[in-house]
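Spelled out from the first residue to the last, the chains are:
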Amino acid sequence: MSKKTAIVVGATGIIGSYLLDYLSKLDDWNVKGIARNIPRKHPERYISMDLLDARGVKEKFHTLGDVTHIFYAAYQDYPSLTKEQIEVNTSMLENIVKAAEESSDALERVVLMQGAKVYGAHLGKFKTPAKESDPRHLPPNFYYNQEDFLREHQKGKSWSWTILRPDLVAGISIGNPMSISMVIAVYASISKELDLPLRFPGKEGAYHALVQVTDAELLARASVWAAVQSHTALEVFNITNGDLFRWEQLWPKFAAYFDMDYAPVQTISLSEMMPLQKDTWNTMVEKYRLQPVPYTKAAAWPFGDFIFGSEYDVISDTTKIKQYGFHEVIDSEKRFLELFDEFKNEKLIP
């Protein structure tokens, strides 16, 4: 069987890095990661591209050979509901797909990552469990523009697309702070260093609401599964760990893991308070010989504020992906604790 050739776009993000690592271990795949800045670890796996430079993207694609699969997980951050957020993120996807079409006759599938914001999770309370067939909310939403591009541009072509909709992604991501598990771990570590109890920093309603997460390793396996199945072509799938929890159930267990006292909710702005702990963190890096990750890259505090400020249930219906054949599930509580162990082993936290 001939090998498939994949590119992972956004390969240094939490989703892309796990995908690149997983594909690199599979015997029947060749894979390259696309990123603007090539990391020091395994630089041979990456190609640097400016995704907004259409001509440059096309030139570099001609060096990749016959690409068969695109896993698209790139994102440039702009304030929500802005013209820039939509235009930039849509253009990047368009440039990649068109370059692949021009340079490869072997393109088979484009796998696009979306998220729960496609259902309006960033706007406030929404209908749950959210199903793939639910109507869109009032635009703008850059997910809609990306999806519409794929749907229209693919018509009459030999390749197909599949869309995956994970929710809150949990995993290890060195230098890329968009991981809720890193937010929790760094916040807890600093609190412990200051001899404080572990308090949930978000809103009271968020503490009691139902929450779901998507493990990055699980998402990588689901992505490759979705990319090679004929019956997943032109389909959209929610993908989560398969369980639900409330932060009020996990927070005391996080305190026990970090050997800390537990205290009730105390709502603060992580975005305002945690940058003030920079000196404490820098002292901890030296004291515990942690990796010298810049504090601004250790955890995304605005991201934490958003997650811990959502005072409504966030639930995606994952029936469809199970009906189509992907049945893996993960215990989210257990996985959080495993990730904390990994962070310690990687010297990201004490």
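Criteria and thresholds
- Residues numbered from 1 in each chain as written.
- Predicted model: local features only at pLDDT ≥ 70, side-chain atom pairs only at ≥ 80, totals over all residues.
- Heavy atoms only, no water.
- Phe/Tyr/Trp six-rings, centres within 6.5 Å; stacked < 30°, edge-to-face > 60°.
- Helix = DSSP H or I, 4+ residues; strand = E, 2+ residues; numbered from the N terminus.
- Buried < 20%, exposed > 50% of the residue type's maximum accessible area, 1.4 Å probe, protein only.
- Pairing = 2+ DSSP bridges.
- Axes fitted to C-alpha atoms, helices over the stretch in contact; angles between N-to-C directions.
- Contact = heavy atoms within 4.5 Å.
- Core = buried A, V, L, I, M, F, W, Y, C linked by side-chain atoms within 4.5 Å.
- Polar contact = N/O pair within 3.5 Å; in protein donor to acceptor, adjacent residues only side chain to side chain.
- Parallel < 35°, antiparallel > 145°, perpendicular 65-115°, else oblique.
- Left-handed = near helix turned anticlockwise from the far one by under 90°.
- Nonpolar A, V, L, I, M, F, W, Y, C, P; charged D, E, K, R; others polar.

### Quick notes on the packing of aromatic side chains
Applying the stated criterion to the full structure yields 26 aromatic pairs. Seen from their ring centres, Phe200 and Trp251 are 5.1 Å apart, and the 90° between their planes marks the pair as edge-to-face. Of this pair, Phe200 sits in the loop between α5 (180-193) and α6 (204-208) while Trp251 sits in helix α8 (residues 247-257), and the two are 51 residues apart along the sequence. No difference in accessibility class separates Phe200 from Trp251, as the two residues are buried. With a centroid separation of 6.0 Å and an interplanar angle of 55°, the aromatic rings of Trp247 and Phe336 are classed as tilted. With a gap of 89 residues between them, Trp247 in helix α8 and Phe336 in helix α14 (residues 332-345) connect regions that are remote in the sequence. For Trp247, a relative accessible area of 1% translates into the label buried. Phe336 sits in the buried class, given a relative accessible area of 1%.

### What to know about the sheet that holds strand β6 (residues 160-166)
Strand order in the open sheet formed by seven strands is β3-β2-β1-β4-β5-β6-β10, with parallel pairing between adjacent strands. The sheet is open, and its two edges are formed by β3 (46-48) and β10 (235-239), each paired on a single side. For this sheet, the mean inter-axis angle between neighbouring strands, taken without regard to orientation, is 20°. Across the sheet, helix α3 (residues 83-103) lies against β1 (4-9), β4 (69-72) and β5 (109-113), angled at about 170° from β4, the strand it touches most.

### Notes on the pairing of β10
For a regular strand, side chains alternate in direction, first toward one face of the sheet and then toward the other. For β10, a buried count of four out of five residues is recorded, marking the element as mostly surrounded by other parts of the structure. Where β6 and β10 come together, five bridges link them in parallel fashion. Its bridge partner lying in β10, Ile163 is registered against Val236.

### Observations regarding unusual backbone geometry
For the bond from Thr128 to Pro129, the omega torsion is -5°, close enough to zero to count as cis. Looking at where Pro129 falls in the secondary structure, it is placed in the loop between β5 and α4 (142-154). Phi at Asp259 is positive, roughly 55°, even though this residue is not glycine. Following the sequence through the fold, Asp259 ends up in the loop between α8 and α9 (270-273). For Asp259, a relative accessible area of 64% corresponds to the exposed category. One non-glycine residue, Arg289, adopts positive backbone phi at about 55°. Among the structural elements, Arg289 can be located in the loop between α10 (278-287) and α11 (295-298). The exposure class assigned to Arg289 is exposed, which follows from its relative accessible area of 73%.

### Examining the environment of Val213
Mapped onto the elements of the fold, Val213 is located in strand β9 (residues 213-215). Taking the C-alpha atoms as reference points, Val213 and Leu51, 162 residues apart in sequence, are found 29 Å from one another.

### What to know about the nonpolar core
Core analysis: the largest hydrophobic core is formed by 81 residues, its most contacted members being Phe71, Ile180, Trp247, Trp251, Trp281, Phe308 and Phe336. Look past the residues within four positions of Trp281 in its chain and what remains in contact with it is Val186, Ile190, Leu290, Val293, Tyr295, Ala298, Leu348 and Ile349. If you look at the next biggest cluster of nonpolar residues, it comprises 29 residues, including Ile7, Val97, Ala99 and Trp161.

### Focus on the side chain of Asp134
In this fold, Asp134 is placed in the loop between β5 and α4. Classification of Asp134 by relative accessible area gives buried; the value is 18%. There is a polar contact of 2.8 Å between the side chain of Asp134 and the backbone nitrogen of Lys131. Excluding residues that lie within four positions of it along the chain, Asp134 makes contacts with Tyr119, Lys127 and Pro129.

### What to know about the packing of helix α2 (residues 54-61) against α3
It is the contact of α2 with α3, at a shortest axis distance of 9 Å, that shows an interaxial angle of 40°. Taken together, the axis directions place α2 and α3 in an arrangement best described as oblique. By crossing handedness, the relation of α2 to α3 is classed as right-handed. Where α2 approaches α3, its residues Ala54, Val57, Lys58 and Phe61 are matched on the opposing element by Asn95, Ile96, Ala99, Ala100, Glu102 and Ser103. Tallied by class, the residues present in the contact of α2 with α3 amount to six nonpolar, two polar and two charged.

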